[in-house]
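# Observations on chain architecture
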Amino acid sequence: MNLLQTLTLGLISLLSFVPAPSRAANPADYFPKDYDASKARFLRYSDALRAKYRGVETEAFTVGAERLTVDTTFVPAQDSPRTLLVLTSGNHGAEGYAGSALQALFIEEVLPTLDLAHTGVLLVHALNPWGFKHERRGTENNVNLNRNFDLSRDLFATKNEGYDQLRELLELRGPVTNACAFPAKDLLWRMLVRKDVTQQSLTEAIGKGQYTSPEGINYGGHDFESQTTDMIRLLARVAAPYPAIFHVDLHTGLGKKGVLHVMTKKEMNEASRAAQSKLFAGRDDAAHYELTPPEAEGFYEILGDYANIPAKLFPEPNRVVIGITAEFGTVGNGLGGKVVTINRLIKENEGYLYGYGDARTEAKVKRDFRELFFPSSAKWRAGVLANGKYLLDTVVKRFISQHP
Ligand SMILES: [Zn+2]
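Scope of this entry: the structure provided in the associated data block.

Scoring rules and cut-offs
Residues numbered from 1 in each chain as written. Predicted model: local features only at pLDDT ≥ 70, side-chain atom pairs only at ≥ 80, totals over all residues. Heavy atoms only, no water. Phe/Tyr/Trp six-rings, centres within 6.5 Å; stacked < 30°, edge-to-face > 60°. Helix = DSSP H or I, 4+ residues; strand = E, 2+ residues; numbered from the N terminus. Buried < 20%, exposed > 50% of the residue type's maximum accessible area, 1.4 Å probe, protein only. Lys NZ or Arg CZ within 6 Å of the ring centre and 35° of its normal. Pairing = 2+ DSSP bridges. Axes fitted to C-alpha atoms, helices over the stretch in contact; angles between N-to-C directions. Contact = heavy atoms within 4.5 Å.

### A word on the packing of aromatic side chains
For any pair of aromatic rings, the description rests on two quantities: the centre-to-centre distance and the angle between the ring planes. Evaluation of the coordinates by the stated rule reveals 13 aromatic pairs. With a centroid separation of 5.0 Å and 70 degrees between ring planes, the pair formed by Phe156 and Phe224 is classed as edge-to-face. Taken together, the residues Phe156 in the loop between helix H4 (129–134) and helix H5 (161–170) and Phe224 in the loop between helix H7 (199–207) and helix H8 (226–239) connect sequence positions 68 residues apart. Each member of the pair, Phe156 together with Phe224, is buried. Geometrically, the ring pair formed by Phe280 and Tyr289 is edge-to-face, given 5.9 Å between the ring centres and 80 degrees between the ring planes. There is no split in this pair, since Phe280 and Tyr289 are both buried. In textbook terms, an aromatic cluster arises when at least three aromatic residues are bridged by ring pairs, as seen for Phe31, Tyr35, Tyr97, Phe132 and Phe374. Just above the ring of Phe31 sits the side chain of Arg381; from NZ or CZ to the centre is 5.5 Å.

Laid out in structure tokens, this is it:
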């Protein structure tokens, strides 16, 4: 064998040793066909990362009767730990399409450009796999996972009187027989005519989460879901050595159509608050996202928020922990968008619990619901990729550089 042959063979074996999935030929291909395809791709990425980096750990948390899995891949800092990025998709199952697309984009286009000497990356695929597979937001127990995260079970004793007062209007009983029905009309009447419900009180009553009605909207559960416990345990273990943590939880639905809302949290120590104001201050940032604190109009503080968990786990004053919900708006957060959203949530929940009058009604209600969290618009999807990439590339690199 001559030198050229030796080199060629060496190169071939090196290339086959790192089976990196090829970059999507068409960026729109980042959006997966369904949960199974998304999971299979994530596992291929995990294999490639394990071959490329030292100490990569993968876990699969089995969830529910169908035994679907939350898959996680942790790439530790290769030298010594300083900054950690946590990137999660599918917290609200049906929102997993966009979340998975951005995780794939991150792995293909951003991760290879990061110096991982002092930076670790934890990727969580489909926090709610059952919801992703069946295109529901909640788990198979009808639990909104993003109202289910806390370190104390006191969460489940929380009262939401606003929800209780509107409960009858939100929880319809009996099969959905008309796809065009407008169950939110009574709410609209209360807002516009009786004026005893305001947009903000409605937003809070519904959005905040409730712990009294298992068949209702945004039910936070009566105990922790299994993946809640598993994720908290994983975060507590892998994040512990990192003095600076940036946690990005990927969502779709809420907010202005086509706009990426970077939703910040109230719960953080002084060091984190100062770091956060420096992090979201780039010259070009405004072109890519809107910084949306919980008190912003049309938004609200939620109970049991997953993105708050690292700050709760690591409250030490010298630790920087920034958790955000990255929310890609789909229908708008004005009155119109809100009513459309609530209307679809009510009908889909009713159909799930009581069934549908006929197959056409079922298909239409499910199609409208899917559109709310995974719009078919090519323009919307391109915006998710462009603005998501800015967040996961430019902003993530800024975070790393600000915590040397
Ligand atoms: Zn969501």
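From this point, the discussion proceeds with the structure in view.
### Some points on the pairing of strand E8 (residues 320–329)
E8 sits mainly inside the fold: ten of its ten residues count as buried. Of the two faces of E8, both are covered, the one formed by Val320, Ile322, Ile324, Ala326 and Phe328 as well as the one formed by Val321, Gly323, Thr325, Glu327 and Gly329. In the sheet, strand E5 (residues 244–253) pairs with E8 via ten bridges, with the strands oriented parallel. Looking at E8, one finds that Ala244 is bridged to Val320. Of the pairings in the sheet, the one linking strand E6 (residues 260–263) to E8 comprises four bridges and is antiparallel in character. Each bridged residue has a counterpart across the sheet, and for Leu260 the counterpart in E8 is Phe328.

### Focus on the sheet that holds strand E1 (residues 57–63)
Pairing in this open sheet of eight strands is mixed, and the strands run E1-E2-E4-E3-E5-E8-E6-E7 from one edge to the other. With one partner strand each, in any of the chains shown, E1 and strand E7 (290–292) form the two edges of the open sheet. On average, each strand axis in the sheet is inclined to that of its neighbour by 20 degrees, with strand direction left out of account. Packed on one face of the sheet, helix H3 (residues 96–110) meets strand E3 (83–88), strand E4 (119–125), E5 and E8 and runs near 150 degrees to E4.

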